[in-house]
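Notes for the structure review
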Amino acid sequence: MPGVGAMKRLLREYKELSRSPPDGIAAAPVSDSNVFQWKVAMVGPEGSDYEGAFLTAVLDFPHNYPLAPPTMTFTTPVWHPNVYPSGKVCISILHEGTDASGYESATERWSPIQSVLSIVLSVLSMLADPNDESPANVDAAVEWRDNRPAFRARVKAHIEASLGLSPELLRRYPASIAASASSTSSLL
Amino acid sequence: MDESSSVQSGSGSGSRSGSAALEGDRRTAVVVEWRALTAEELDEALAGKVRKVTQVFALPRLVALRVLQRYRYETDRVVEALVSRPEAVAASVGLTSLDELQGAGPGSETGPADGDVVCGVCYCEVAMNESHTLRCGHRFCYACWRIHVEMEVREGRAAGLACMGSDAVSNARCSVGVDDFVVERFVLGKARVAGRYKRFLRESYVSGNPYIKWCPFEGCECAVEVDLHDAAVSVECHAGHLWCYRCSHEAHVPASCEQVKTWLTEVREESANDNWIVVNTKACPKCGVATEKNGGCNRIGCAKCSIHWCWLCGISSPTPELIYSHGCGKFEEEQSETIQTRKTAAAEMARFTHYADRYNNHHVSREFAQKLAASLGNMITSSSSSTTGGGSSEMRRTMAEQLAGAAKAHLRARTALKWSYVFGFYCRRGTRQLELFEFTQEALAKEVEQLASALEDDEDNVEPADVVRLAHLVEHRLDGMQRTVAEGMQMAAESGGVQESSEAGPRKRRRL
């Protein structure tokens, strides 16, 4: 019983995404045998600091999806106030509401009608429009707020790395690049 | 079997309620009514309030429940507000008008019998009449509603159960509360889910209601309702636990909540300083054998030299009568000249130790009294369950009831005695009132000792009539002590830190 509903729903989402793929987004389970982990690839939103970037991430779904949200972790380095140095994405719709009086608060948080597509769209809008109020990466948030040119330069280096893995970035972030290189090789 | 007073001897099980005079307004005693509630009675009380609101204003059950929660379960206020300003009531639960409160308007329906719809959660195609939407229009299939509701209830949400949708533009989680249909179909249908749901409703009923509190004793699921908010009244729950409604501490008459708090801090500090050590054994005054107290009675019969002595003051006698009849509960200041003359901290310390010793002694005895009352209480149940209708078993049952009633009186008196030393410690010395109080206290202590001894005697030697007589005596004396205290002892209490702060604000009274 546990996970059957989640599996059905994930397969339906996958079917829908492959029938009419949205622009600049690709998403699929890592393998036929495990629909609870997906790889996602997206192109940085136009007009943002991440324009032209090719970003990959992993979605890990709980067995009671969609009642509980998945977690999303970038596998390419992303310098952003709302992305932990580990790559884990921190946005409100991936948080479960724990308000005991529920019906009163109307904040942005996870609901079972969210989907892989709505998550990726929210993440793209987060890339274009960071929220520096409760940053996951404090250094990135401070730089974004106080020194925008330096922030942009670092993002640009990441973008170049995500396209060609420049030796400069490999020297600076060896571990995360190696990890993402090995995981992206099996993507799509 | 009803008990009409908080200090009356209880016999058997039955609804517990009572009234007690508070010496709040100096002259005019404030009488506080209270009654014990079981889980079922709490459910019934809540259901009754919901019923009242739903019937008068034709509100759906859940809307009534949420409104009541917002208005701290004060039905009269809800009714008044619904009549005079329905918009404010609606706004308090996120709606805009009385019509919306009453469930009119769009949505909130199960689909028509024909046609299919895709559920927003599982993405399955289901028949329209197998799906349900609240007034927000987010439509889901029955299966997903069920899973959602069961998960929410498991996590402790009951009155707050809401839609599982979210706004398509803002991503804000939909805040529309579920309707009666959802609760009836997906919550109440399954016993386990319904049980949890009701428990959480009950918990929010108690926590949101200033006139009801849970019994503070560990593991107890009873509650007590009072008619005066924040009243410092001793109450007894259905499990027989005695506690103070205001401070949720063990019942502590005649001491006040503030005295208890100050006292406990002081005792903690003293024992941390090693100035005051909890004494577990004492030496027999004649043969010196280390003696451990194994009952509540202070008359010790030495197992080695067979002398009788008083655990409290150490006086000894070859016969038990003298020990029963002597008094040692009063602090004799003039006895110790050194204390009088030095007037130092040592004197204060000696005074404290005197009271603390007696307090601690009755505290230990109280534990025994609690166990005794519980075991005698159980005897009633076992004697009634084993009854097959014979005359002798009927008698056994009556006897068990009498003994249990006496044991409860003993527990109440022991508890009051324990706290009377705290009260005494904080009283101004040398007044007529204190003298009167200490006289009563001493008499009560003696009578309690006799009752304890009679109760703890071997079962074969127990003469129920004697026990009942002693219990009546104790209850009468306890009443007397409480009256003495009520008649102005409070005003004689030392000004240092024993003001009744609760009397400051206006307190609201409400019908039980």
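What you see is a predicted model, and the numbers here were worked out from it, not measured in a lab.

Describing the pairing of strand β3 (residues 54-60) of chain A
All names here are of chain A. Burial of β3 is extensive: 5 of the 7 residues sit out of reach of the surface. Two strands pair when backbone bridges link them, and β3 and strand β4 (residues 71-74) are joined in this way by 4 bridges, in the antiparallel orientation. Residue valine 58 lies in a different strand from β4, and its bridge partner there is threonine 73.

Some details on unusual backbone geometry
Cis rather than trans, the peptide bond between tyrosine 65 of chain A and proline 66 of chain A has omega equal to 5°. Along the chain, the position of proline 66 of chain A falls in the loop between β3 and β4. A cis amide bond links valine 253 of chain B with the next residue in sequence, proline 254 of chain B, at an omega value of 5°. By secondary structure assignment, the location of proline 254 of chain B is in the loop between β11 (242-244) and α9 (257-272). If you check the backbone angles, tyrosine 73 of chain B has positive phi at about 60° while not being a glycine. Counting through the fold element by element, tyrosine 73 of chain B comes out in the loop between α2 (61-70) and α3 (75-84). Unlike most non-glycine residues, aspartate 230 of chain B shows phi in positive territory, near 70°.

Observations concerning the confidence of the model for chain B
Residue and element names in this part refer to chain B. Across chain B, the average pLDDT comes to 79, with 79% of residues at or above 70. This stretch, residues 1-14, has a pLDDT under 50; its non-local contacts, to residues over four places away or in other chains, come to 37 contacts. Here residues 24-28 scores under 50 on pLDDT; set against residues more than four positions off or in separate chains, the count is 3 contacts. Model confidence for the complex is summarised by a pTM of 0.66, with the ipTM given as 0.73.

Some words on the interface of chain B and chain A
On the chain A side, the residues contacting the 26 residues of chain B number 27 residues. Sorting the residues of chain B by area buried against chain A places Tyr123, Asn171 and Arg173 of chain B first, and these three jointly supply 29% of that buried surface. The interface formed by chain B and chain A contains 0 salt bridges. Counting the contacts that link chain B with chain A gives 8 residue pairs in polar contact (both at pLDDT 80 or more). Secondary-structure elements contributing two or more residues to the side of chain B that touches chain A are α2 and α6 (142-154) of chain B. Looking at the side of chain B that touches chain A residue by residue, the classes come out as 11 nonpolar, 11 polar and 4 charged.

So, how was this worked out
Residues numbered from 1 in each chain as written. Chains lettered and ligands numbered in written order. Predicted model: local features only at pLDDT ≥ 70, side-chain atom pairs only at ≥ 80, totals over all residues. Heavy atoms only, no water. Buried < 20%, exposed > 50% of the residue type's maximum accessible area, 1.4 Å probe, protein only. Helix = DSSP H or I, 4+ residues; strand = E, 2+ residues; numbered from the N terminus. Pairing = 2+ DSSP bridges. pLDDT = per-residue confidence, 0-100. Contact = heavy atoms within 4.5 Å. Buried area = accessible area lost by both parts, 1.4 Å probe. Salt bridge = Lys/Arg side-chain N within 4 Å of Asp/Glu carboxyl O. Polar contact = N/O pair within 3.5 Å; in protein donor to acceptor, adjacent residues only side chain to side chain. Nonpolar A, V, L, I, M, F, W, Y, C, P; charged D, E, K, R; others polar.

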